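Observations on chain architecture
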There are 2 protein chains.
Amino acid sequence: MLDFWIEFASTYSYLAAMRAEAVAERAGVRLRWRPFLLGPIFVAQGWTTSPFNLYPAKGRYMWRDMERLCARRGLALRRPDPFPQNSLLAARLAWAVPEARRAVFCRAVFHAEFAEGRDISNAEVLAGVLAGTALPPADLLAQARTDEVKAKLRQETEAARAAGVFGAPAFTASDGELFWGDDRFEQALDWARDRG
Amino acid sequence: MLDFWIEFASTYSYLAAMRAEAVAERAGVRLRWRPFLLGPIFVAQGWTTSPFNLYPAKGRYMWRDMERLCARRGLALRRPDPFPQNSLLAARLAWAVPEARRAVFCRAVFHAEFAEGRDISNAEVLAGVLAGTALPPADLLAQARTDEVKAKLRQETEAARAAGVFGAPAFTASDGELFWGDDRFEQALDWARDRG
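Since the model is a prediction, treat every value here as computed from it, not as a measurement.

Attention shifts here to the overall build of chain A. Of regular secondary structure, chain A possesses ten helices and four strands. By the compact-globule yardstick of 16 Å for 196 residues, chain A fits well, its C-alpha radius of gyration being 16 Å. With respect to the principal axes defined by its C-alpha atoms, chain A has extents near 40 × 35 × 35 Å. Out of the 196 residues in chain A, the part that is buried amounts to 56%.

In this section: the sheet that holds strand S4 (residues 178-180) of chain A. Strand-to-strand pairing in sheets goes through backbone hydrogen bonds, with the strands running parallel or antiparallel. All names here are of chain A. One open sheet accounts for four strands, arranged S2-S1-S3-S4; its pairing is mixed. At either end of the open sheet lies a strand with only one pairing partner, and these are strand S2 (31-35) and S4. Across this sheet, the average inter-strand angle for adjacent strands is 20°, counted without regard to direction. As defined by bridge partners, strand S1 (residues 2-6) adjoins strand S3 (residues 170-173) across four bridges and the pair is classed as antiparallel. For Asp3, the partnering residue across the bridge sits in S3 and is Thr172.

On to the pairing of strand S3 (residues 170-173) of chain B. Residues and elements named next belong to chain B. Of the two faces of S3, the one carrying Ala170 and Thr172 and the one carrying Phe171 and Ala173 are both buried. Bridge count between S3 and strand S4 (residues 178-180): three bridges; the pairing is antiparallel. Counterpart to Thr172 in the pairing with S4 is Leu178.

All names here are of chain A. Within the fold, Gln85 resides in the loop between helix H4 (56-73) and helix H5 (88-96). When the C-alpha positions of Gln85 and Phe4 are compared, they lie 20 Å apart, and in sequence the two are 81 residues distant. Within the local environment of Gln85, its side chain forms a polar contact with the backbone oxygen of Pro82, the two atoms lying 2.8 Å apart.

Relative to chain B, chain A is turned by 180° and slid 0.0 Å along the rotation axis, the superposed coordinates differing by an RMSD of 0.0 Å. Such a combination of rotation and displacement between the chain copies is what one expects of a two-fold axis. Ranked by how close their C-alpha atoms come to the rotation axis, the residues of chain A are headed by A:Asp183, at 3.7 Å.

Right, let's talk about the side chain of A:Arg184 for a bit. Relative to the helices and strands, A:Arg184 is located in the loop between S4 and helix H10 (185-195). The class of A:Arg184 is buried, set by a relative accessible area of 5%. Side-chain polar atoms of A:Arg184 contact the side chain of B:Asp183, separated by 3.0 Å. Those residues in contact with A:Arg184, other than ones at most four positions away along the chain, are A:Phe171, A:Phe179, B:Tyr61, B:Asp65, B:Leu69 and B:Asp183.

Below, the discussion takes up the pairing of strand S2 (residues 31-35) of chain B. Extensive coverage of S2(B) is indicated by the burial of four of its five residues. In this fold, strand S1 (residues 2-6) of chain B hands off to helix H1 (residues 11-27) of chain B, which returns the chain to S2(B); that crossover is right-handed.

Attention now moves to unusual backbone geometry. A negative phi angle is the norm for most residues apart from glycine, just as the trans form is the norm for most peptide bonds. Residue and element names in this part refer to chain A. In this structure, Pro169 follows Ala168 across a cis peptide bond, with omega equal to 0°. Backbone geometry at Ala134 places phi at a positive 60°, although glycine is not the residue there. In this structure, Ala134 sits in the loop between helix H7 (123-132) and helix H8 (137-144).

Our focus in this paragraph is the interface of chain A and chain B. On the side of chain B, 21 residues touch chain A, which itself brings 21 residues to the contact. At the boundary of chain A with chain B, total buried surface from both sides reaches about 2,200 Å², with 50% on carbon and sulfur atoms. In terms of surface lost to chain B, no three residues of chain A exceed A:Tyr55, A:Tyr61 and A:Arg184, which account for 26% of the buried area on that side. Taken together, chain A and chain B are joined by eight salt bridges. Remark: the boundary between chain A and chain B carries 13 residue pairs in polar contact (both at pLDDT 80 or more). Elements with a contribution of two residues or more to the side of chain A that touches chain B: H4, S4 and H10 of chain A.

As a further point, take the packing of aromatic side chains. For the coordinates displayed, the defined rule picks out 26 aromatic pairs over all chains. One Lys or Arg, A:Arg195, reaches over the ring of A:Trp191 and ends 3.8 Å from the middle of that ring.

Another point: H7(A). Residues and elements named next belong to chain A. For H7, the full list of buried residues reads Val125, Leu126, Ala127, Val129 and Leu130. The N-cap residue of H7 is Asn122: its side-chain oxygen and the backbone nitrogen of Glu124 are 2.7 Å apart. Looking one or two residues beyond H7, the residue adopting positive phi is Ala134, at roughly 60°.

Next up on the list: the side chain of A:Asp182. All names here are of chain A. Among the structural elements, Asp182 can be located in the loop between S4 and H10. Of note is the side chain of Asp182, whose polar atom sits 2.8 Å from the side chain of Arg19. Not counting residues up to four positions away in its chain, the partners in contact with Asp182 are Tyr12, Leu15, Ala16, Arg19, Arg73 and Pro169.

Bringing the environment of B:Thr48 into the picture now. All names here are of chain B. Structurally, Thr48 can be placed in the loop between helix H2 (39-44) and helix H3 (51-54). Note on Thr48: relative accessible area 75%, which makes it exposed. Linking Thr48 and Tyr12, residues 36 residues apart in sequence, is a C-alpha distance of 19 Å.

So, on to the pattern of salt bridges. Within this structure, the stated rule accounts for 34 salt bridges over all chains. Within this structure, A:Arg64, A:Asp65, A:Glu67, A:Arg68, A:Asp183, B:Glu177 and B:Arg184 form a network of salt bridges that share partners.

The rules behind these values
Residues numbered from 1 in each chain as written. Chains lettered and ligands numbered in written order. Predicted model: local features only at pLDDT ≥ 70, side-chain atom pairs only at ≥ 80, totals over all residues. Heavy atoms only, no water. Helix = DSSP H or I, 4+ residues; strand = E, 2+ residues; numbered from the N terminus. Rg over C-alpha atoms; globule rule 2.2 N^0.38 Å. Buried < 20%, exposed > 50% of the residue type's maximum accessible area, 1.4 Å probe, protein only. Pairing = 2+ DSSP bridges. Axes fitted to C-alpha atoms, helices over the stretch in contact; angles between N-to-C directions. Polar contact = N/O pair within 3.5 Å; in protein donor to acceptor, adjacent residues only side chain to side chain. Least-squares fit on C-alpha atoms with pLDDT ≥ 70 in both. Contact = heavy atoms within 4.5 Å. Right-handed = clockwise from strand over helix to strand, strands pointing away. Buried area = accessible area lost by both parts, 1.4 Å probe. Salt bridge = Lys/Arg side-chain N within 4 Å of Asp/Glu carboxyl O. Phe/Tyr/Trp six-rings, centres within 6.5 Å; stacked < 30°, edge-to-face > 60°. Lys NZ or Arg CZ within 6 Å of the ring centre and 35° of its normal.

This is the structure we're talking about:
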């Protein structure tokens, strides 16, 4: 088993999410999708927004890198405005969605955001994503606003930080080994298969 | 042709430098080794030391990532103290060394620093590196302190910044396309071969 830490505002989490099912199946490793918030972790580092906005040369490069990688993988890419998106409601929703449907919902959020450029902070957009994946929008949006779901997302974000996660996507094996970035997805799967 | 931007203080530049000859030859692409200083570029971003020191979680991860990658590639890894090393004299020396020997010298610096953990800010250590690669230490150390060589390194650092380089290693093709990180070495070589 491999924990798969994703942040809905993160471009490279989009890349990893869209190939996660295929690469995990090929490796014979079960993935546990764990959406969390990078914001609180960034704030603790003294950042008030995405490092891609704080450091313009790095930001310009990231978008070009994403263009190249998406082209190679046959993925659409459309920048959401603003970037980064506020991912709070989407992340709460992901924890309201039943576990068996979480991966499907997460991929649909990333698709709306980065393939269609839609605003995932908007409850109506997210209602559309839920409906599009045969999940009940009104019920789940209500659940996402309960104290229970809010607390769950806070716990997950704290668990990410405690595991050493400082960016997304990230991967942790059951022995605690940490991997960062879509570029390390294969290594993380190998580790989980061989030592997990 | 592909420009290969390296910073002697950079761990991932070590990784890229040690495989550069083999991967470039396989791709049929000529590499131009361009040592530069990241320090002035970091300072312009508001950083006073390596981001791996500024952000401890990221720093801890980087060393673990290096351990795993070096183990896979059969490379020794020993942390120099302090990290990052002051790379000014090494970078000046690289521009004093004749072009035909620059790659050999650069690899020998990285080996001393990251395989042996030696202090590459030390002129005696660098004299040993020069002697070990059949280059004349006294001559080249004197040349490294001339205004001409100092100006050349400043120009290279400015050229890196102007090319959009914000980290090391980086690669630029003749059409200006920028790639960042040892993880993108193959993509950069493909680009240079197909469109360079």
